[in-house]
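As a plain string of letters, each chain reads:
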Amino acid sequence: MELEKKNPITIPPTRQVGSSSGIFKIVYDAAKSVCTVAIIYFFGYMNFSPAWFLAPLIYSVIKNETKKTNEFKRNVAKTSALQNEKDVILARIDELPAWVYFPDVERAEWLNKILRQVWPNVNHYAKDVIKDIIEPNICLALAEYKISGFAFQKMRLGTIPPRIGGIKVYDYNVSRNEIIMDLDIFYAGDCDISFTIKGFTGGIQDFQIHGLVRIVMKPLIKSMPLVGGLQIYFLNNPAIDFNLVGVADVLDMPGLSDLLRRVIVEQVAAMMVLPNKLPILLSNEVPAKNLKFPEPQGVLRVHVVEAKHLMKKDIGVLGKGKSDPYAIITVGAQQFKTKTIDNTIDPKWDFWCEFTVEELISQFLLLRLFDKDNAATDDSLGRATIEVNTVTKKGQTDTWISLEEAKTGMVHVRMTWLELSDKFSDLRDVSYFSFIIYSCLEMKS
């Protein structure tokens, strides 16, 4: 199929400011220049070493360049969300929709048109969810870092709806009592969210989220609407990015930005990443516990044995030293962390963990390695991704896996799949007991 090259995507220009804003900007730039000259003169007058202002200057340049790069990427993504699919393909041939790569994934332009129609109503619903559910959870999460006083002030998701790059409906290895579909969803809207934290006002703009959403229609019933309910969830943690504005922009350094991103990812995982699901009941014939706490497929037992030839991240006196590696193992929202082995590139963890698996199709185990630092963020040593379904077919695996996003390094992982059978009949009661605990908590509250 030959595509005509027309209607190229253009990056939207930056927002125009009014006369008062322009005067304020001129005054601000002039004051900033005067302060810079004064600081340099003061350092020279006091005979301080140039290193005292070279380090902040270098940090400022790096921060500004990183901010420009991120802003350009966000503008490209936002523009792509506004264009039709043909223009997106012509402009970004290296990031094609999922239906181009996979023949069993279908185009979803009809669904994108429906989303544009209902997006204003979703906007109002999302405001209530953010204020009533997400805000209290973020306050609790930030309390662990001794940060209090967080509250949302303004919540506007904008006019750009999420975009679905492709949709896949499964017709094999699926129960006759359910319909399973995956949606490749990408949101790069023009949201405008402001918040206060410890008396300071900040904001979040250019919020982006990209991930694979699964919708399960179950059970199929004989009366209208023919489907008893829906389960909506992410198979794995989605990729999230945003831009801090206001006072928070001044503090948009790696520590604060990573902290906010970590908290937001944790809240999304607590709501809609496996094994957590968003249940929607469509018929009174179906018990609510069947949607909230479905029966698991089995247990994945993981043994992270060791790693070798990892990258050297710590700088020693004579150059490159070693690393202090640890591993984080993730399946959906379930996560485990190994201990840290100091001063080695060949760590031996001998770490065991188990994951309750509810979905086998398109479910992945993610293994990430890091070098422990005293800084706000730890250096990445690479990652490995393993499809859970490959382990279930073999029953047991014992392999060395080369690390992705790393120059060198391999990790030794053993995995065992425990099928849900009479031998593990206690797992069948997980859903029931979880429902009882949930009911007791609801009655207490």
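Check the entry above for the structure.
Residues numbered from 1 in each chain as written. Predicted model: local features only at pLDDT ≥ 70, side-chain atom pairs only at ≥ 80, totals over all residues. Heavy atoms only, no water.

## So, the nonpolar core
Across soluble globular proteins, you tend to see nonpolar side chains buried next to one another. Here is the rule we go by: By convention a nonpolar core is built from buried Ala, Val, Leu, Ile, Met, Phe, Trp, Tyr and Cys residues, the set being connected through side-chain atoms within 4.5 Å. Partly exposed describes any residue whose relative accessible area lies between the buried limit of under 20% and the exposed limit of over 50%, with all areas from a 1.4 Å probe on protein chains only and scaled to the type maximum. Contact definition: two residues touch when any of their heavy atoms are within 4.5 Å.
The biggest cluster of nonpolar side chains holds 41 residues, and the ones touching the most others in it are F152, I204, F207 and F242. Setting aside residues no more than four positions away along its own chain, F152 makes contact with I130, K131, E135, I138, I193, S194 and F195. Residues I329, I345, F351 and C353 belong to the second largest nonpolar core, which totals 31 residues.

## Focus: the sheet that holds strand β18 (residues 410-419)
So the rule is basically this: In this scheme, strands are said to pair when DSSP sees at least two bridges between them. Numbering goes from the N terminus for both helices and strands, where a helix is a DSSP run of H or I of at least four residues and a strand is a run of E of at least two. Axis definition: a line fitted to C-alpha atoms, over the contacting stretch in the case of helices. Angles run 0 to 180 degrees between N-to-C directions.
One open sheet accounts for four strands, arranged β14-β9-β18-β17; its pairing is antiparallel. On the outer flanks of this sheet lie β14 (348-357) and β17 (396-402), each paired with one strand and no other. Strand-to-strand, the axes of this sheet are offset by a mean angle of 20 degrees, without reference to chain direction.

## Describing the pairing of strand β2 (residues 163-169)
Among the seven residues of β2, six are classified as buried, and the element is accordingly described as predominantly covered. Both β2 and strand β3 (residues 179-188) contribute to a ladder of six bridges, which runs antiparallel. In the sheet register, I167 faces β3, and the bridge partner there is L183.

## Topic: the pattern of salt bridges
Rule in force here: We define a salt bridge as a contact between a side-chain nitrogen of Lys or Arg and a carboxyl oxygen of Asp or Glu at a distance within 4 Å.
Following the criterion strictly, the structure yields 11 salt bridges and no others. With a shortest N-O distance of 3.0 Å, K131 and E135 are connected by a salt bridge. Highlighted residues: K131 and E135, both in helix α5 (residues 109-143), separated by four residues, approximately one helical turn. The class of K131 is partly exposed, set by a relative accessible area of 33%. Residue E135 is classed as buried on the basis of its relative accessible area, which comes to 12%. Shared partners join several salt bridges into a network, and the residues in it are D182, R214 and E359.

## Re the pairing of strand β5 (residues 200-217)
With 13 of 18 residues buried, β5 is to be regarded as a mostly interior element. Bridge count between β3 and β5: 10 bridges; the pairing is antiparallel. Bridge pairing in β5 places I179 opposite M217. Where strand β4 (residues 192-197) and β5 come together, six bridges link them in antiparallel fashion.

## Notes on the packing of aromatic side chains
Condition: Aromatic contacts are taken between Phe, Tyr and Trp rings whose centres are within 6.5 Å, Trp giving its six-membered ring; a plane angle under 30 degrees counts as stacked, one over 60 as edge-to-face, and the others as tilted. Only lysine NZ and arginine CZ atoms are considered, and such an atom sits over a ring when it is within 6 Å of the ring centre and within 35 degrees of the ring normal.
Following the criterion strictly, the structure yields seven aromatic pairs and no others. With 5.2 Å between their ring centres and 80 degrees between their planes, F336 and F355 make a pair best called edge-to-face. Taken together, the residues F336 in strand β13 (residues 334-337) and F355 in strand β14 connect sequence positions 19 residues apart. Residue classification places F355 among the buried residues on the basis of a relative accessible area of 0%. Linked through ring pairs, F150, F152 and F195 together constitute an aromatic cluster. Seen from the ring of W400, K308 lies directly overhead, with NZ or CZ sitting 4.5 Å from the centre. If you follow K337 out to its NZ or CZ, it ends over the ring of Y326, 4.5 Å from the centre.

## What about the environment of A327?
Tracing the chain through its elements places A327 in strand β12 (residues 325-331). Residue A327 is classed as buried on the basis of its relative accessible area, which comes to 0%. As a C-alpha pair, A327 and G382 span 55 residues in sequence and 9.8 Å in three-dimensional space. Among all residues touching A327, those that are not within four sequence positions of it are F336, K337, T338, W349, L367, R368 and L369.

## Description of the environment of P347
Among the secondary structure elements, P347 is positioned in the loop between β13 and β14. Owing to a relative accessible area of 0%, P347 belongs among the buried residues under this scheme. Residues P347 and S323, 24 residues apart in the sequence, show an inter-C-alpha distance of 9.4 Å. Apart from the residues lying within four places of it in its own chain, the contact partners of P347 are E306, A307, L310, P325 and I341.

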